[in-house]
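Secondary and tertiary structure notes
These are the residues of each chain, in order.
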Amino acid sequence: MDDGDGVGAPVIGDKPAIERVATRPAEETHRSSAEWIRKNLFPNPFNSFLTVAFGIFVLVSARGLLNFVFSEERGWDAVRTNLRLIFTHAYPEEQYVRVWVCVGVVVALACLSLGLFASGGEGLRLRKISNALNATAAAIALGVVLREPSVLIGADGETVRDADGVVRQSFAEAMADRWAWWLAAAVLAVVALAVRRVPKRSDGSPAAVPTLDFAIGAMALPVLSTWVYPWGHYAFADGEFIAEPGRTVAMSTKVPWTVMWALAVASLIVGRWVSAQVDERALSRLRAVVAFTWLVVPFVLYWVVLRDPDLDWDRIFTVDAPLALAFGIGGGAVLWWLTADGRGELGRIGAIALLGFAAFHWVAAFMGWYPMLQKVRISFLLLAVMALLAHNFSGEAAKRRRLVLAWLVITTVFHYFATVMNTPSTVETPTEALIGGFAVTLVVAVFTLMLSFPLGVVLALARTSRLPIFRVMSTAYIEVVRGVPLITILIFFVVILPLFLPANMEISLFASATLGYTLFSAAYLAENVRGGLQSIRRGQYEASDAVGLSTVQRTVFIVLPQSLRASIPPLVGQVIATFKETSLLAIIGVFDILRMANSVIPAQTQFLGIKREGLLFVSLVYWVFSYMLSKQSQRLERRLGVGER
Amino acid sequence: MSISDATVAVSEELAARDDMIVCRGVDKWFGDFQALSGITATIKEQEIVVVLGPSGSGKSTWIRCINRLEAHQSGQIIVDGIELTNDLRNIEKIRSEVGMVFQQFNLFPHLTVIDNITLAPIWVRRKSRPEAEEQALSLLERVGIPEQAQKFPGQLSGGQQQRVAIARALAMEPRVMLFDEPTSALDPEMIKEVLDVMEELARTGMTMMVVTHEMGFAREVADRIIFMEDGEIVEVGTPHHFFTEPAEERTKLFLSQVL
Ligand SMILES: Nc1ncnc2c1ncn2[C@@H]1O[C@H](COP(=O)(O)OP(=O)(O)O)[C@@H](O)[C@H]1O
Ligand SMILES: [Mg+2]
């Protein structure tokens, strides 16, 4: 039969073997390394010169960095004892289990998703692992030689000392005393050799381990080591700091990390088991549920878990619950009515009337005509938006039910969070804000992205719209925002915005900062999405029109999925930029991770003026997260490449 | 040539049927350039009309005006009794009655074959998903590729993609199918599989308007052939008339070039 699978990518299971494309031609791997070096590093005099010059530069910088990090004068204790401060600031120690619950939920959900979504691929080749181990071993060995021992002027003239302060008789002895490092390098090299010796698989393909299993398995090493290796016990308690280098780490560190690791393994196993059990249809539904959970999780973690609202049940029973019920039932009825058969024009007019009604309350709020609960205003607006989309669900009873059900879920979720957010927290901190440090970086970045993504997409669509009014408004917004420095926008929102708000509206520092970030980031995201929109061929629009899709349907089902896919790399770039730009929070008075290192720790009496260590550590934290994001984006790109030409 | 000449060519049996597509004096400009001038033609129910003409003669433009991918500036286009105007509701109605197959297939690359086919029935025809999928599978069966349902368009050959595109159009249960050079982007060995599907479709009584350069198809399957040049209809006639005794000089010239 010629209809068969003759054409197109080969298929493994139900997934096209896109990863195959990355396979290197075999001859390249067989070339000797000497030849490789000659060809790539010393092909001609000029390039040889560049190689040497650059090599010297790298060695000198590495030596400087190593000398700095391992110098006896370094106050790494300032970082070690202040880890909690750096990550969560003043969040109370006795409530710390809440922080771990948050980490746990994210870890579990992440591993569950990986188990459910992961495509398998061809895994991590052992050869690659071996190369990485060898490179690490070489780097360590080189580092040991490069790093000079601190030379201090003692009573007897010059004394050579090592980082731990032990006095050595000579430079050579200092080198020899770094035996632990030599040993580590040697062990790594031996392991690398052993790994390389693993024979090819029986089908001739190179030996490999599944990437995910390897990563999580490797994670076991540091986690286990907290139980056996004396990393040292450092803590800050009542302004005093404890440093006991000979002990293993504190219980409050190793227990949670071990639990996290176990949780990761368990979730991964559960995710894989489930994805093997259920059929395709159930699996795709499950994935949708997981994706939706990701959207809700940040809100739950911050507002419910970390903040632990002190719920006022009397008010809930008399005001909040009845209100939610009224909107749920009333709104459901309105939507049911709007979608009845043959409502046609009337439905559209009804939806627009509802929008006008909702908008009116907002005008009234800003003019101060009459008081109204903020969440009532928002509820009307939500209902109006649903009503505008309602005609897509008209006709069949099952579809109408789905619309009403969606409304009930939205109302419940919204009213729940509106209530929770307006309730004071039970967690008491000595500072104004609940959290600080890296937690604040994450919270602001995550909320900014969740809010600015939809906004950015809407702006991009408006800018490419056929209607000039949308185009002009969106273009003006984007160009204005892109022409103003972020810090100006932040200061505007934090300092000036509260002055404009009507008397009965308040906005917290976090909220206004997040708003500023959101509006800023949305403008850039919009430009990235627009690039994707422009990459879509005209035929896609024509085909959508020809099968009768409406403009909204065409946008949601055809245009956006393709254009977002096309713009993943710049979108991730924007995500990383936003993540790093949260460091500006320090300037507007938020205690974020940068401020911890730059001004809080250096002000502690024990660590007066110790700044550079903290800054280096903070840079490392930023780098690790940004790097993980960009790696994930590459994975995503490869995965989503599926199905495209 | 006049309108009456064009209608003469319609056989009596055809003339008795209802009108499916009526064009009266359709003009279309792209800026200053007139792409269609005074197109007047009637296509009857269940009729197969092949539109021939040199490249750039306005065939695509005409066929795309019929489901409003292009808007005409003057004259009338009436499809199944509904006139195409700027009224969005009429456009919606006509689009759900008219299926279109493009030269470049224009499948949705991010959706599987089955999702390509069921998308519009679910969201425009408001079918339930199981119902739409059942229909999609039977359509895939009909175009001869039931086993490809879960693949992505990029994994199929050109001929297979074009057959999916036909299934996608048929899933909307249209009354008319428009084909704009459906085989021109295909490798020669795949042309036949697509033409076979179209022939089968013609036998089931679908009204079809086909722009093509496949003279064999025109000769065998068409009820009538319309020959266009420079945005005008030059000659209309049965395949027999057309290939044996064309009346117009321009038609003869064209035929001498392609045959
Ligand atoms: N979007 C457009 N803008 C300007 N001119 C166009 C456009 N589409 C088609 N044309 C012109 O109209 C004429 C008819 O084109 P077309 O209908 O595609 O011809 P055919 O399909 O018969 O080859 C051509 O001269 C072409 O250049
Ligand atoms: Mg054409």
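Just so it is clear, the structure is predicted and the values come from calculations on it, not from any experiment. (Residues numbered from 1 in each chain as written. Chains lettered and ligands numbered in written order. Predicted model: local features only at pLDDT ≥ 70, side-chain atom pairs only at ≥ 80, totals over all residues. Heavy atoms only, no water.)

1. A closer look at a positive patch on the surface
Residue and element names in this part refer to chain A.
- On the surface, Lys 128, Lys 631, Arg 635, Arg 638 and Arg 639 cluster together into a positively charged patch.
- In terms of residue count, the dominant contributor to the positive patch is helix α25 (residues 612-640) (four residues).
- Structurally, Lys 631 can be placed in helix α25.
- Taking relative accessible area as the criterion, Lys 631 reaches 40% and is therefore assigned partly exposed. (Patch = residues over 30% accessible without salt bridge, like charges linked within 9 Å, V, L, I, M, F, W, Y side chains within 5 Å. Areas by Shrake-Rupley, 256 points an atom, 1.4 Å probe, with all protein chains shown as cover. Salt bridge = Lys/Arg side-chain N within 4 Å of Asp/Glu carboxyl O. Lys, Arg positive; Asp, Glu negative; His and termini not counted. Charge placed at Lys NZ, Arg CZ, Asp CG, Glu CD. Helix = DSSP H or I, 4+ residues; strand = E, 2+ residues; numbered from the N terminus. Buried < 20%, exposed > 50% of the residue type's maximum accessible area, 1.4 Å probe, protein only.)

2. Digging into the domain arrangement of chain A
- Assigned domains of chain A: these are domain 1 (1-43), domain 2 (53-73 + 127-207), domain 3 (92-123 + 210-310), domain 4 (311-414) and domain 5 (429-645).
- Taking the mean C-alpha position of each, domain 4 of chain A and domain 5 of chain A sit 29 Å from one another. (Domains from an automatic or database assignment.)

3. A few points about the side chain of Lys 399 of chain A
- The topology assignment puts Lys 399 of chain A in helix α16 (residues 397-421).
- The exposure class of Lys 399 of chain A is buried, given its relative accessible area of 3%.
- Residues in contact with Lys 399 of chain A, not counting those within four places in the same chain, are Asn 392 and Phe 393 of chain A together with Ile 122, Arg 126 and Lys 127 of chain B. (Contact = heavy atoms within 4.5 Å.)

4. Comments concerning the sheet that holds strand β5 (residues 82-83) of chain B
All names here are of chain B.
- If you walk across this open sheet you meet the four strands as β2-β1-β4-β5, and the pairing is antiparallel. Among the strands making up the open sheet, the edge pair consists of β2 (33-44) and β5.
- Bridge count for strand β1 (residues 19-30) against strand β4 (residues 74-79) is five bridges, and the pairing is antiparallel. Note that in β4 the partner of Val 22 across the bridge is Ile 78.
- Against the sheet, helix α3 (residues 59-66) touches β1, β2 and β4, its axis set at about 60° to β2. (Pairing = 2+ DSSP bridges. Axes fitted to C-alpha atoms, helices over the stretch in contact; angles between N-to-C directions.)

5. As for the sheet that holds strand β8 (residues 207-211) of chain B
All names here are of chain B.
- With mixed pairing, six strands are arranged side by side in an open sheet as β6-β7-β8-β3-β9-β10. Edge strands, defined here as strands with exactly one partner in the open sheet, are β6 (98-101) and β10 (232-237). Strand-to-strand twist of the sheet, defined as the mean angle between neighbouring strand axes without regard to direction, takes the value 20°.
- Pairing geometry for strand β3 (residues 48-52) and strand β9 (residues 224-229), over four bridges, is parallel. Along β9, the bridge assignment pairs Leu 52 with Phe 227.
- Lying over the sheet, helix α4 (residues 88-97) contacts β6 and β7 (176-180), oriented at roughly 65° with respect to β6.
- On the sheet, helix α7 (residues 158-170) packs against β6 and β7 and is oriented at approximately 170° with respect to β6.

6. Brief notes about the nonpolar core
- One finds Leu 335 of chain A together with Ile 21, Trp 62, Leu 178 and Met 209 of chain B to be the most contacted residues of the largest nonpolar core, which totals 61 residues.
- Here the element with the most residues in this core is helix α15 (residues 374-389) of chain A; it accounts for six residues.
- Two domains each provide a minimum of three residues to this core, namely domain 4 (311-414) and domain 5 (429-645) of chain A.
- Contacts of Leu 335 of chain A, omitting those with residues within four sequence positions, involve Leu 383, Met 386, Ala 387, Ala 390, Leu 403 and Trp 407 of chain A. (Core = buried A, V, L, I, M, F, W, Y, C linked by side-chain atoms within 4.5 Å.)

7. Quick word on the site of ligand 1
Residue and element names in this part refer to chain B.
- For ligand 1, the full set of nearby residues is Phe 30, Phe 33, Ala 35, Pro 54, Ser 55, Gly 56, Ser 57, Gly 58, Lys 59, Ser 60 and Thr 61.
- Here an oxygen atom of ligand 1 and a backbone polar atom of Ser 57 are 3.2 Å apart.
- Between an oxygen atom of ligand 1 and a main-chain N or O atom of Gly 58, the distance comes to 3.1 Å.
- In isolation ligand 1 offers 560 Å² of accessible surface; the protein chains occlude 62% of this area.
- The set of elements that each furnish at least two residues to the shell around ligand 1 consists of β2 and α3.
- With three residues, the top contributor of residues to the shell around ligand 1 is α3.
- Of the residues assigned to the shell around ligand 1, the class counts are four nonpolar, six polar and one charged. (Near = heavy atom within 4 Å. Polar contact = N/O pair within 3.5 Å; in protein donor to acceptor, adjacent residues only side chain to side chain. Nonpolar A, V, L, I, M, F, W, Y, C, P; charged D, E, K, R; others polar.)

8. What to know about unusual backbone geometry
All names here are of chain B.
- For Gln 46, which is not glycine, the phi torsion reads 65° and is therefore positive.
- Examined against the element boundaries, Gln 46 turns out to sit in the loop between β2 and β3.
- For Asp 230, which is not a glycine, the phi torsion comes out positive at approximately 50°.
- Positionally, Asp 230 belongs in the loop between β9 and β10.

9. Remarks on the pairing of strand β9 (residues 240-244) of chain A
All names here are of chain A.
- Direction of pairing for strand β8 (residues 233-237) relative to β9: antiparallel, over a ladder of five bridges. Looking at β9, one finds that Tyr 234 is bridged to Ala 243.
- Hairpin connection between β8 and β9: a loop of two residues separates the two successive antiparallel strands, and Asp 238 in this loop has a positive phi of roughly 50°.

10. Here's the deal with empty space enclosed by the protein
- Taken as a whole, this structure holds one cavity of 30 Å³ or more when the rule is applied.
- What the largest cavity holds in volume is close to 60 Å³.
- In this structure, the largest cavity is lined by Ala 543, Ala 546 and Val 547 of chain A together with Val 98, Gly 99, Met 100, Phe 102, Ala 165, Arg 168, Ala 169 and Met 172 of chain B.
- A per-class count over the lining of the largest cavity returns nine nonpolar, one polar and one charged. (1 Å grid on protein atoms, 1.4 Å probe; cavity = no way out; pocket = protein on both sides within 12 Å on 5 of 7 lines; lining within 4 Å. Points joined across faces, edges and corners; volume = space filled by probe spheres on them.)

11. A short note on the packing of aromatic side chains
Residues and elements named next belong to chain A.
- A full pass over the atoms with the stated rule returns 27 aromatic pairs over all chains.
- On the numbers, 6.3 Å between centres and 85° between planes, the contact of Phe 87 with Phe 617 is edge-to-face. Residue Phe 87 is located in helix α5 (residues 83-88), and its partner Phe 617 is located in helix α25; the two are separated by 530 residues in the primary sequence.
- The class of Phe 617 is buried, set by a relative accessible area of 18%.
- Taken together, a centroid distance of 6.5 Å and an interplanar angle of 65° make the contact between Tyr 91 and Tyr 96 edge-to-face. With respect to burial, Tyr 91 and Tyr 96 carry one shared label: buried.
- Here a set of aromatic residues connected by ring pairs shows up, and it is made of Phe 87, Phe 438, Phe 579, Phe 617, Tyr 622 and Phe 625.
- Here Arg 84 stacks its cationic end above the ring of Tyr 96, 4.6 Å away from the centre of that ring. (Phe/Tyr/Trp six-rings, centres within 6.5 Å; stacked < 30°, edge-to-face > 60°. Lys NZ or Arg CZ within 6 Å of the ring centre and 35° of its normal.)

12. Observations concerning the side chain of Ser 130 of chain A
All names here are of chain A.
- As for its placement among the helices and strands, Ser 130 is situated in helix α7 (residues 126-146).
- Residue Ser 130 is classed as buried on the basis of its relative accessible area, which comes to 0%.
- Those residues within four positions of Ser 130 in sequence are excluded, and the remaining contacts are Ala 192, Val 195 and Arg 196.

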